[in-house]
Amino acid sequence: MKQTIRILTTIFLICGCILFFGCSNQHASSENGNQYCTLSVDCSEAIKHSEQLSAGLSEYLPEDGKIFQKTNIKVEDGDSVYDILERSLREEGILMEASFTGDSAYVEGIDNLYEFDCGEVSGWTYYVNGESPQVGCSSYKVHDGDRIEWNYSCNFWSDLEENTEGVS
């Protein structure tokens, strides 16, 4: 009888330890209040249309089109898509230039690739969870789990419409 109680007690303790220690890391971000999103910056369309690029620009672009690989980024309270982009690129030493009208930010260029560098209707645009938000990047507030994708378009975003799901 004592041996049965010892075995049951041991099993109970082992199961308790597994449940307590084994599962605690899964909920660490929600327990300590941290939230994360992913960010990527891609210029593949500019590379596909290199014949339209401003002279000498193609030598500065990454061959695979990935200026900033898909990365988990900690979301601070109240962060906008612009805040995430600006902070992440600054930390990696990647050049970004934006202009402002009031509180509204417009991203003109990333990593030496600017609006109009690939034609009259080229420039940077962003997607959140595969959708193009109807507000500017400084107005869109980021939530836990959001997938932010910045893409360069050479043809007024029509070249990106079919590729938004495949861009990471």
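First, a word on scope: everything that follows refers to the structure included in this document.

What counts and how
- Residues numbered from 1 in each chain as written.
- Predicted model: local features only at pLDDT ≥ 70, side-chain atom pairs only at ≥ 80, totals over all residues.
- Heavy atoms only, no water.
- Core = buried A, V, L, I, M, F, W, Y, C linked by side-chain atoms within 4.5 Å.
- Buried < 20%, exposed > 50% of the residue type's maximum accessible area, 1.4 Å probe, protein only.
- Helix = DSSP H or I, 4+ residues; strand = E, 2+ residues; numbered from the N terminus.
- Disulfide = S-S within 2.5 Å.

1. Brief notes about the nonpolar core
- I110, W124 and W150 are the most contacted members of the largest nonpolar core, which has 33 residues in total.
- Elements with a contribution of two residues or more to this core: β1 (35-42), β2 (66-75), α4 (81-92), β4 (104-110), β6 (123-128) and β7 (147-153).
- If you tally residues by element for this core, the top one is α4, at five residues.

2. Topic: the state of the cysteines
- Tallying each qualifying case throughout the model produces one disulfide.
- Linked covalently through their sulfurs, C118 and C154 form a disulfide whose S-S length is 2.5 Å. Between C118 and C154 the disulfide shows an S-S torsion of about 95°. By sign, it is right-handed. In this pair, C118 sits in the loop between β5 (113-114) and β6 while C154 sits in the loop between β7 and α5 (158-161), placing the two residues 36 residues apart along the sequence.
- You can call C118 buried: its relative accessible area is 1%.

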